[in-house]
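Observations on the model geometry
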Amino acid sequence: MSDLAVDQSTDIAPSTASSGGEAILSNRVRQIRMSATIAMAERAATLKHAGKDIISLALGELDFATPRHVIDAAHNAAQNGFTRYTAPDGAPIVKEAVREKLRRDNSLVYGTNEIHVAAGCKQVIYNALASTINPGDEVIVFSPYWVSYVDMVEFCGGIPRVVATDFESGFLPDPAALAKSMSHRTKWVLLNSPNNPTGAVYPRELLAQLAAVAGASPNTLILSDEIYEHLVFDGNTSTSLGTIAPELRDRSLIVNGVSKSYAMTGWRIGFAAGPEWLIRSMAKVQSQTAGNASSISQAAAAAAMTGDQNFIPIWRSALQRRRDAALEILRGSPWLRVPQVPGAFYIFVDVARCIGAYTPQRRILETDLDFADYILDEAGVAVVAGGAFGASPYVRLSFALDDQRLREACRRIVVACDSLASG
C-alpha cells in the first residue's frame, strides 16, 4: 500500500509542477479576476518607476490628508494599549461611533447588535453575501457597477443578474427593468448611490420605487452601498435607503465606511447596519476568515465619525471645482461624450466615437481597453476601461487629484483623442 502511494505521488508531482501549480487551483478562484482599477494603477506605477511622466486617474481615493484628529486618535490608541484583539466585528468604541453617525447623518437608530465593522466595505459586502447566498441564488446588480460586486457574487456561488442603465437616463436604474429581472431566486438587490463609477445620485422618489419593487418579494434582501454619501455636488443630497423604506428594515443592509469621506482608504474600516440575524451571521464569517479589523484603525474611525466634520464641505467644494474643470476640458473633444456628475469623484466617459479609429501608429482601437492602453501609452494618463464596470465602450477617470495635475491629465487625454484618425 505504501509503495503504491509513493508511485502515485511521483506520477502526479511533475504534472502539477509543469503547470506552475495552477492545476490545483479551485474553480472558485479561477473565475474571479484581479480588480481592474488596481491592475491599471499598478501598471501606471510601474511606468512611473521606470521614469515616465504618468498621471494616474485610476484609483478611487482622495488625495487629501487624513484629518489630524484622526491620526492623533490612532496614536493615542497605540500608546494607551488598544493593541489587542477586539470582537471580530468591531469593538464597542467603533460600534457606538457608527450608531452616532447613523443618528446624526441619516436619522437612523440601530443597536450595537445590529452593527458590523470589518476591514473595509469590500469585506463587509463579502461577509453579507457569504452569509446568505446558496448555489444558484441570484443577485441583481445595476450596470455600470463597482468592479467587485459581480466577482464577489460569483465567488460565493451566486448568479449575478445585471440590469443595465444608460447614459441618456443619467445612469439611473429603471424600476420596471428591476421588476422584470426579479424571480423567486432573487436573494439580493444591490444599490449604490452615489454611484461608482458614474457618479449618479438616486433621487429620493426613485430610491423609494426601487425599494418597493425589491421589497415586494418577501425573500429578497436589499443592500445599499452608501460609501460616497457626503460627496455630492450642486446642492444634491444623498438619501439613505433606511430613511426611505423603514418597513424593510429586517431585510435591508446599509453599508458605509470611512474610506472616502475621511480620506482613510488605507485604514480599512467599513461598517454595516442591518437586522440582528444577518449581523450575527456576518460576524461568524468574519471570525473565521479574518478576525477583527485593526484595533488602531477602529479607534481612528471612531474619532473620524464622532469628531469635527467641518472639513467635509470644504473637501466637497474642492472636488466640485475639480469636477467642473475636468468636465470643461474633456467636453472640448468631439471624440468624447461626457455625462453630468452629481456625486462621487468619477467621470464615466463614453468613448464610442473612438472605437474603430486609428492611432498615430496606425493601430485600430477596437475596445475601450484598447483606448485605455492608448491613453496610457500616448498621453501618460491612467484610466480604467468601462468593461470592468460592466459597460462598454466607456472609461472611468477619477478627479480626486490636485487641480494642476488633473487639468494636465485632461488636456493630455483631449490631445491624444485629437490625434486619432477616423477609420
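Look above for the structure.
1. Observations regarding the overall build of the protein
Assigned secondary structure in the protein consists of 15 helices and 12 strands. For the protein, whose C-alpha radius of gyration is 23 Å, the value lies close to the compact-globule estimate of 22 Å for 423 residues. Counting only C-alpha atoms and orienting by the principal axes, one finds that the protein spans roughly 70 × 60 × 55 Å. Each of the 423 residues in the protein was classed as buried or not, and the buried ones make up 55%. Counting only contacts in the protein whose residues sit at least 6 apart along the sequence, the fraction spanning at least 24 positions is 74%. Within the structure as shown, the protein displays about 18300 Å² of accessible surface, and the carbon and sulfur contribution to it stands at 52%. Counting 39 positive and 43 negative side-chain charges, the protein places the centres of these two groups 3 Å from one another.

2. Notes on the environment of Y85
Among the secondary structure elements, Y85 is positioned in the loop between α4 (68–79) and α5 (92–106). For Y85, a relative accessible area of 80% puts it in the exposed group. For the pair formed by Y85 and G291, sequence separation is 206 residues and the distance between their alpha carbons is 8.3 Å.

3. Quick word on the environment of A299
With respect to the secondary-structure elements, A299 resides in helix α12 (residues 295–306). In the structure, A299 is positioned 229 residues away from V70 in sequence and 8.4 Å away in space, judged by C-alpha atoms. Once residues lying within four places of it in the same chain are set aside, the contact partners of A299 are A73, A77 and F82.

4. Quick notes on the sheet that holds strand β9 (residues 346–350)
Read across the sheet, 3 strands follow the order β9-β12-β11 without closing on themselves; strand pairing throughout is antiparallel. This sheet does not close on itself; its edge strands, each paired only once, are β9 and β11 (384–385). Pairing analysis gives 2 bridges linking β11 to strand β12 (residues 394–398), with the strands arranged antiparallel. Note on β12: the bridge partner recorded for V384 is R396.

Rules used throughout
Residues numbered from 1 in each chain as written. Predicted model: local features only at pLDDT ≥ 70, side-chain atom pairs only at ≥ 80, totals over all residues. Heavy atoms only, no water. Helix = DSSP H or I, 4+ residues; strand = E, 2+ residues; numbered from the N terminus. Rg over C-alpha atoms; globule rule 2.2 N^0.38 Å. Buried < 20%, exposed > 50% of the residue type's maximum accessible area, 1.4 Å probe, protein only. Contact = heavy atoms within 4.5 Å. Areas by Shrake-Rupley, 256 points an atom, 1.4 Å probe, with all protein chains shown as cover. Lys, Arg positive; Asp, Glu negative; His and termini not counted. Charge placed at Lys NZ, Arg CZ, Asp CG, Glu CD. Pairing = 2+ DSSP bridges.

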